Amino acid sequence: MKMKKLVVGLVASAMLIASMATTAFAASSPTTNNTTPAPASSSSSSSSSSSASSSSSSSSSSKSNAAVFASNISVEVIKLDGVDIEPYAASVKQLSDSTIADAKALGTGGILKAGDITDPKNSKYDNTITLKFKSSAFKAGMKITALHLPAGASAWEKITPDSVSDGECVVTFSSLSPVVFTAEGVSDKTGETAPVLPIAAMICLAGVVFFGTKIRFAK
């Protein structure tokens, strides 16, 4: 009887942990589709005042998220037209929330990092330029997609990185312009992986104990 109570307690604990973790994970994903509305006409100043206040709060949230995506990341130019060069730093500027939302619409996973990449040296190349991105958001084994908006184009393209390792992601582009990194199984807006493994481990442990006890009783 004591063993049965222990098993029931373990199973209940696993379910409780799973529900709490799922709730916390869902709560860490604010929306990405906020856009700043067009300015109101001067003839409706009183009504536009409250609207401006509301949209300002929403836009502020989006801008802070966009800033997070452009922070804690460095970029180096390492190849021009496939030829290795002495690496030098490129610049990363913050993208607008609407630009990030456009890229996110392609639905390739949660956003890791994003930025508008520029070359301070304005190096010349005919076809491709290869960059090495450095950030703790990149982990070996991640299925990462680089969403790239080529210079002068209106449609985003999906690029598979040349390589992904802990702290680094190497990608070859046709031009330096906006890029948004996404990864499968990552929480959008946080870059954190879903807490699936700890939950699964707890449930599996409870299952092992439960079935092991049944076998013991059957003997």
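Residues numbered from 1 in each chain as written. Predicted model: local features only at pLDDT ≥ 70, side-chain atom pairs only at ≥ 80, totals over all residues. Heavy atoms only, no water.

Colleague: Hey, could you run me through the confidence of the model for the chain in this one?
Modeller: Low pLDDT means the predicted atomic positions in that stretch should not be read closely. When pLDDT is averaged across the chain, the result is 72; 56% of the residues are at 70 or more. Segment residues 19–64: pLDDT under 50, and 32 contacts once partners within four positions in sequence are set aside and those in other chains are kept. (pLDDT = per-residue confidence, 0-100. Contact = heavy atoms within 4.5 Å.)

Colleague: What's the story with the sheet that holds strand β2 (residues 83–93) in this structure? I'm lost.
Modeller: Working definition: the strands of a sheet are paired by backbone hydrogen bonds and lie parallel or antiparallel to each other. With antiparallel pairing, the nine strands of this open sheet are ordered in space as β6-β5-β9-β3-β2-β1-β4-β8-β7. At either end of the open sheet lies a strand with only one pairing partner, and these are β6 (157–159) and β7 (163–165). Neighbour-to-neighbour, the strand axes of this sheet turn through a mean angle of 30 degrees, independent of strand direction. The sheet strands contacting helix α3 (residues 97–104) are β3 (110–118), β5 (144–148) and β9 (178–183), and the helix crosses β3 at an angle near 125 degrees. (Pairing = 2+ DSSP bridges. Helix = DSSP H or I, 4+ residues; strand = E, 2+ residues; numbered from the N terminus. Axes fitted to C-alpha atoms, helices over the stretch in contact; angles between N-to-C directions.)

Colleague: I tried to follow the pairing of β3 on my own but got confused; where do I start?
Modeller: One face of the sheet, then the other: side chains in a regular strand alternate in exactly this way. Where burial is concerned, most of β3 is hidden: seven out of the nine residues are buried. Pairing between β2 and β3: three bridges, direction antiparallel. For V92, the partnering residue across the bridge sits in β3 and is I117. (Buried < 20%, exposed > 50% of the residue type's maximum accessible area, 1.4 Å probe, protein only.)

Colleague: When you look at the environment of K79 in this model, what are you seeing that I'm missing?
Modeller: By the element assignment, K79 lies in strand β1 (residues 74–80). Distance in space between the C-alpha atoms of K79 and L131 is 7.1 Å, their sequence separation being 52 residues. Excluding anything up to four places from it in sequence, K79 contacts D84, I85, T128, I129 and T130.

Colleague: Looking at this structure, how should I read the nonpolar core?
Modeller: As a rule of thumb, soluble globular proteins bury nonpolar side chains together. Within the largest apolar cluster, 25 residues are counted, with the highest numbers of intra-cluster contacts made by L112, L131, F133 and F181. For this core, the secondary-structure elements that each account for two or more residues are β1, β2, β3, β4 (129–134), β5, β8 (168–173) and β9. Once you skip the residues sitting within four places of it in the chain, F133 turns out to touch I73, S74, V75, I117, F138, G167, E168, C169, V171, F173, V179 and F181. In terms of nonpolar packing, the next biggest core, distinct from the first, is built from 11 residues, I100, L147, W156 and V180 among them. (Core = buried A, V, L, I, M, F, W, Y, C linked by side-chain atoms within 4.5 Å.)

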